[in-house]
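Summary of structural features
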Amino acid sequence: MYVIVYGYRTKQWLMGRIPAVCQRCQRTTQQQVVRSQRKFTLFWIPLFPIMTRTFLVCTLCGHQMRVDNKQADAWVKSPATPPSPQPGQSALPGTPGVGGPATTPQPGYPSQPDSPPPAI
């Protein structure tokens, strides 16, 4: 007599966070993008995915809203592009050069490791 053990296993993971308005509490918050994937298992070994779903989870009230997988991939995969510098500003804040303000060391902290500490 042989026994075949089969079933499914569901795994969830956090893909990222996006700012959005919750449909239940109507507040803007960083909502979690959670992917859930169910896989067919044979003898407790996951073989192939059966179903993949993505949810937006409100961090304030816990409301879950199902979203399209491709839309969620586009939200998470495309990083937010930083604003481009205006003419006369440097690309990185605090770097001297093309109009950006130069950073000055704070009083009480040496600007270089080999310089002596300031006299009090």
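Below you will find a few notes about this structure. (Residues numbered from 1 in each chain as written. Predicted model: local features only at pLDDT ≥ 70, side-chain atom pairs only at ≥ 80, totals over all residues. Heavy atoms only, no water.)

Quick notes on the overall build of the chain
Within the chain one finds one helix and four strands. When burial is assessed residue by residue, the chain has 19% of its 120 residues classed as buried. Pairs at least 24 residues apart make up 40% of the contacts formed inside the chain by residues separated by at least 6 positions. For the chain, the exposed area adds up to about 9700 Å²; of that, 58% sits on carbon and sulfur atoms. (Helix = DSSP H or I, 4+ residues; strand = E, 2+ residues; numbered from the N terminus. Buried < 20%, exposed > 50% of the residue type's maximum accessible area, 1.4 Å probe, protein only. Contact = heavy atoms within 4.5 Å. Areas by Shrake-Rupley, 256 points an atom, 1.4 Å probe, with all protein chains shown as cover.)

Description of the packing of aromatic side chains
Taken as a whole and judged by the stated rule, the model has two aromatic pairs. Considering the side-chain rings of F40 and F48, the 5.3 Å spacing of their centres and the 25° angle between planes classify their relative orientation as stacked. We classify F40 as partly exposed; its relative accessible area is 23%. Taken together, the aromatic side chains of Y6, F40 and F48 make up a single cluster linked through ring pairs. (Phe/Tyr/Trp six-rings, centres within 6.5 Å; stacked < 30°, edge-to-face > 60°.)

With respect to the environment of C25
Relative to the helices and strands, C25 is located in the loop between strand 1 (6-21) and strand 2 (28-42). Placed 33 residues apart in sequence, C25 and C58 show a C-alpha to C-alpha distance of 8.9 Å. Discounting residues that sit within four places of it in the chain, C25 has contacts with C58 and C61.

Section: the side chain of T29
Looking at where T29 falls in the secondary structure, it is placed in strand 2. For T29, a relative accessible area of 13% corresponds to the buried category. Setting aside chain neighbours within four positions, we find T29 in contact with I18, P19, A20, C58, T59 and L60.

Considerations on the sheet that holds strand 2
As summarised here, the arrangement of the four strands in space is 1-2-3-4, forming an open sheet in which the pairing is antiparallel. The sheet is open, and its two edges are formed by strand 1 and strand 4 (64-67), each paired on a single side. Within this sheet the neighbouring strands show an average axis-to-axis angle of 30°, counted without direction. (Pairing = 2+ DSSP bridges. Axes fitted to C-alpha atoms, helices over the stretch in contact; angles between N-to-C directions.)

Some details on the environment of I4
Counting through the fold element by element, I4 comes out in the segment before strand 1. Under the relative-accessibility criterion, I4 is labelled exposed at 60%. Separated by 38 residues in sequence, I4 and L42 place their C-alpha atoms 7.7 Å apart. Contact partners of I4, with chain neighbours within four places excluded, come to L42 and F43.

Structural notes on the side chain of R35
Checked against the element boundaries, R35 lands in strand 2. Beyond its immediate stretch of four places on either side in the chain, R35 contacts K11, Q12, W13, M15, T52, R53, T54, N69, A72 and D73.

Things to note about a nonpolar patch on the surface
Among the surface-exposed residues, I4, Y6, Y8, L42, F43, W44, I45, L47, F48 and I50 lie close enough to one another that they form a single nonpolar patch of about 1100 Å² accessible area. Those elements that provide at least two residues to the nonpolar patch are strand 1 and strand 3 (45-57). Looking at the nonpolar patch element by element, the count peaks at four residues for strand 3. On the secondary structure map, L42 appears in strand 2. (Patch = residues over 30% accessible without salt bridge, like charges linked within 9 Å, V, L, I, M, F, W, Y side chains within 5 Å. Salt bridge = Lys/Arg side-chain N within 4 Å of Asp/Glu carboxyl O.)

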